[in-house]
Amino acid sequence: MANQENLQPKEVEVGTAAEMDEVMRKYDRESATRIWVGKPKIVVSCIMAFFSLYCIWSTMVSKADLQVRLTAILGFVVIIGYLTYPANKDKVKPNSLPWYDILIMIVGAGAFFYYCANYMSMVREISSAAKMTAFHAAIGIIGIAVLVELCRRCVGIPILCVAGVLLIYTFFNGMQTQDNGSLVQVLYRVVYTLFYAPSGIMATPMQVCAKYITVFIIFGAFLERTGIASFFISMANSIAGSASGGPAKVAVISSALCGMVSGSSVGNTVTTGSVTIPMMKKTGYRGEFAGAVEAAASTGGQIMPPIMGAAAFLMAEYMDIRYAEVALRAILPALLYFTGIFIAVHLEARRLDLRGIPRDQLPKMRILIKSIYLLIPLVLLVGLVSTNVRTLQYSASVAIVAAIIVSIPGVLVEGRGQSEEKPLIYSGKKMGNIIFSALEAGGRGCITVAVACSIAGIVAGCITVTGLASKLVSAVVNVSRMIPYRTLGLFVALFLTMLCCIVLGMGVPTTANYCIMATTCAPILIELGIGKVPAHFFVFYFGIVADITPPVALAAYAGSAIAKSNPMKTGINATKLAIAAFIVPYIFAFDPTMLLIDAGPIQIIMIVVTSLLGLFGVATSLSGYLYRPINPLLRIVIAVGGLCMMFPGTVSDVIGLVALVGVVVFQRIGAKNNAVVG
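Residues numbered from 1 in each chain as written. Predicted model: local features only at pLDDT ≥ 70, side-chain atom pairs only at ≥ 80, totals over all residues. Heavy atoms only, no water.

Caption draft 1: Fine view of the overall build of the protein chain. In terms of helices and strands, the protein chain carries 30 helices and zero strands. Within the span of the protein chain, comprising 678 residues, buried residues form 57% of the whole. Looking at the protein chain as shown, the accessible area adds up to about 27300 Å², and 66% of this sits on carbon and sulfur atoms. (Helix = DSSP H or I, 4+ residues; strand = E, 2+ residues; numbered from the N terminus. Buried < 20%, exposed > 50% of the residue type's maximum accessible area, 1.4 Å probe, protein only. Areas by Shrake-Rupley, 256 points an atom, 1.4 Å probe, with all protein chains shown as cover.)

Following this line, the structure appears as structure tokens:
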């Protein structure tokens, strides 16, 4: 877009589009797509754009029953999903759509469209599992099976493993406790629950996806085409580029802002990392560190208000609060997360004695001022959502229109640059291309989220029909209560929940992971006395950090591919950089003040100050450097001091402050003595 020259410092080599595409295809299943060229590409693109328009119409205008709208959307998702994702990502030929994929696509979409077209009659015919027929069961089985295969292609195996285990458990449970052990009746009951009832595929995750998420994904696609990502990188360069180790700080700021919009850890790592990682390496950072910084910051974009990726809408639904309130609660934890990364980056720059980028190579302030209008859609969205004047859908639609409008100045300038005689005609065509491209990208972006939400609904349905959730709650509660000290028992329950979230989140989209955790683990924490909001934020955070936690740290591995570094070392570094994400959830679990719950101004200030000091201590311990290298004993002392500062309580704060100040003073005196001797 216009006014985005001087995007990165001079002489920095940015990876080619082909290289970035290869990285995306390797680490992001959403990017392992079919290759369409020529007229077939136009047809597929038109179908994607039409789907986006349908989603907007369905959300804003349609008065049809919810089940009708959901089945129609899933029917379209099956069509565009199989047009987009091949059975094997390593064997993709241009304009190739095998006969079996055509058959699966038609039959699968037909199952959902049949349900959509005959919804009222089917409600009368099969109001319960007892009224199921073989025909209805066949339709349900086909619909579920086609979605499962599409999930394998675009989301991955891990979530299917969870769903598969639960399906097997559901069948065995049904054989033992229901329907006199009849396999056919158990099958009918399972199919009815998962396909026809609002407790399976079309449960809360898919309902939220159809109501809100699809429109916001389309908004994100429009926003990206305004050039806002370039503006964020340019702004971050202007703010922090000249500081010590500037490029890494630029990566933290720009990735936080871009990740907030994109909602994809891997996608944002590759997009902004193609610019920031070479900058960091050129400055003097090791490849493992450069890739880790980008991955950690990009992953944190999903917890960055006000957008927070798709999961925030699900959180609002599960917690029964407004979306604006979810964004408000997330402010302080997000601040601590990125501050922790920023501190670690600064300490690494000090340790390596790195300099910033010369100011004459950085974007000029005039460029930022000229491009400030690009923020209008975001500001408008935040204003409408926070004031609760209009619905989320309406707010997103207004923001889409605003994104189109702010694209016009750049298109006009580009048009005049390439067609002096007919700039307005050229610009009109260019504007049309941008709108069409955004609608196409929005439709494509909805596929994986819709599929993940539908499979998460299957998981939730299995848990509901078997009563597994209540069994898990009882088991964990009983174990925690066996531990003598309540605080210790609660900590053990939180730790086990954290492990569960990270393991299930490996290779699973954040939305699906959160849905599973909200159904299984959040009720456990609530039963143990943790509030509903802290419990859901806890599982949300640890579902996200799975993207940078080895051994399946997809965002970190994508960063390592760009940095040409060791993937495992990059993942370990990313985990260390994101240490705040492993500590902050425990803080708000024990003290919800950090989530602005029942908190006065003084309390908020105190918890922010003590948490930031605590993060400084932990980050310094992990870095091993302050004014000079820190010996192992002092690293332990300052780490313990930092944790004490972050743990709620006056006594722990005092102990932590003494430890922190002691180590800092000792380091400072030692550094001065070394300087005098030198």
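Caption draft 2: Main features of the packing of aromatic side chains. In total, this model carries 25 aromatic pairs according to the counting rule given. Arranged with centres 6.0 Å apart and planes meeting at 70 degrees, the rings of phenylalanine 542 and tyrosine 586 form a pair that is edge-to-face. With a gap of 44 residues between them, phenylalanine 542 in helix H24 (residues 532–544) and tyrosine 586 in helix H27 (residues 579–590) connect regions that are remote in the sequence. Here phenylalanine 542 falls in the buried class, since its relative accessible area comes to 0%. (Phe/Tyr/Trp six-rings, centres within 6.5 Å; stacked < 30°, edge-to-face > 60°.)

Caption draft 3: Looking closely at helix H13 (residues 287–300). Taking 1.5 Å per residue as the helical rise, H13 with its 14 residues ought to reach 20 Å, and the 20 Å between its terminal C-alpha atoms agrees with that figure. Of all the 14 residues making up H13, 14 are buried; the element is thus mostly covered by neighbouring parts of the structure. (Expected span 1.5 Å × (residues − 1).)

Caption draft 4: Local environment of the nonpolar core. With 203 residues, the main nonpolar core has Tyr196 and Phe537 as its most contacted residues. Top element by residues in this core is helix H20 (residues 423–466). It accounts for 15 residues. Every residue in contact with phenylalanine 537, bar those within four places of it in the chain, is listed here: Met315, Met319, Val326, Arg329, Ala330, Phe588 and Leu595. Core analysis: the next-biggest nonpolar cluster, separate from the first, contains ten residues, Leu347, Ala619, Leu626 and Ile638 among them. (Core = buried A, V, L, I, M, F, W, Y, C linked by side-chain atoms within 4.5 Å. Contact = heavy atoms within 4.5 Å.)

Caption draft 5: Looking closely at helix H26 (residues 567–577). Turning to H26, its buried residues are Thr570, Gly571, Asn573, Ala574, Thr575 and Leu577. Where H26 is buried, its residues contact H13, helix H16 (331–352), helix H25 (554–563) and H27. Where H26 begins, one side-chain oxygen reaches toward the backbone nitrogen of methionine 568, 3.0 Å away; that side chain belongs to asparagine 566. (Polar contact = N/O pair within 3.5 Å; in protein donor to acceptor, adjacent residues only side chain to side chain.)

Caption draft 6: Molecular detail of a nonpolar patch on the surface. On the surface, a cluster of nonpolar side chains totalling about 780 Å² of accessible area is made up of Ile602, Ile605, Met606, Val609, Leu613, Leu657, Val661, Val665 and Ile669. Where the nonpolar patch is concerned, the elements lending two or more residues are helix H28 (601–623) and helix H30 (650–677). Here the nonpolar patch gets five residues from one element, more than from any other, and that element is H28. Structurally, methionine 606 is set in helix H28. (Patch = residues over 30% accessible without salt bridge, like charges linked within 9 Å, V, L, I, M, F, W, Y side chains within 5 Å. Salt bridge = Lys/Arg side-chain N within 4 Å of Asp/Glu carboxyl O.)

Caption draft 7: Looking closely at the environment of aspartate 591. Structurally, the position occupied by aspartate 591 is in the loop between H27 and H28. A sequence separation of 57 residues divides aspartate 591 from proline 648, and the C-alpha atoms of the two residues are 6.6 Å apart. Contact partners of aspartate 591, with chain neighbours within four places excluded, come to Ile607 and Pro648. Of note is the side chain of aspartate 591, whose polar atom sits 2.6 Å from the side chain of threonine 593.

Caption draft 8: Inspection of the packing of helix H14 (residues 311–319) against H24 at higher detail. Taken N-terminus to C-terminus, the directions of H14 and H24 make an angle of 150 degrees; their axes are 10 Å apart at the nearest point. Relative to H24, the element H14 lies roughly antiparallel. Judged by the twist between their axes, the crossing of H14 over H24 is right-handed. Contacts from Ala311, Met315, Tyr318 and Met319 in H14 reach Lys532, Val533, His536, Phe537 and Phe540 in H24. (Axes fitted to C-alpha atoms, helices over the stretch in contact; angles between N-to-C directions. Parallel < 35°, antiparallel > 145°, perpendicular 65-115°, else oblique. Left-handed = near helix turned anticlockwise from the far one by under 90°.)

Caption draft 9: Region of interest: the confidence of the model for the protein chain. Taken residue by residue, the protein chain gives an average pLDDT of 81. The fraction at 70 or more is 88%. At the level of individual helices and strands, the protein chain shows its lowest average pLDDT in helix H1 (residues 17–27), which scores 64, and its highest in helix H4 (residues 99–117), which scores 94. Of the regions scoring below 50 in pLDDT, residues 1–14 engages in 50 contacts with residues more than four places distant in sequence or in other chains. Overall, residues 417–422 carries pLDDT values under 50, and its contacts beyond four positions in sequence, including any with other chains, amount to two contacts. (pLDDT = per-residue confidence, 0-100.)

Caption draft 10: Seen up close, the side chain of glutamate 294. If you trace the backbone, glutamate 294 turns up in helix H13. Buried and unpaired, glutamate 294 has no salt bridge, with lysine 281 as the nearest side chain of opposite charge at 14 Å. A polar atom in the side chain of glutamate 294 sits 2.7 Å from the side chain of serine 298. Non-local contacts of glutamate 294, meaning those with residues more than four positions away in its chain, are made with Ala251, Ser255, Asn268, Thr269, Thr272, Gly273, Thr276, Ile277 and Met280. (Lys, Arg positive; Asp, Glu negative; His and termini not counted.)

Caption draft 11: Spotlight on the packing of helix H6 (residues 134–154) against helix H8 (residues 183–196). Running from N to C, H6 and H8 point in directions that differ by 55 degrees, and their axes come no closer than 9 Å. Classified by the angle between their axes, H6 and H8 sit oblique to one another. In terms of crossing hand, the pair formed by H6 and H8 is left-handed. Across the interface between the two elements, Ala134, His136, Ala137, Ile139, Gly140, Ile141, Gly143 and Ile144 from H6 touch Leu187, Tyr188, Val191, Leu194, Phe195 and Tyr196 from H8.

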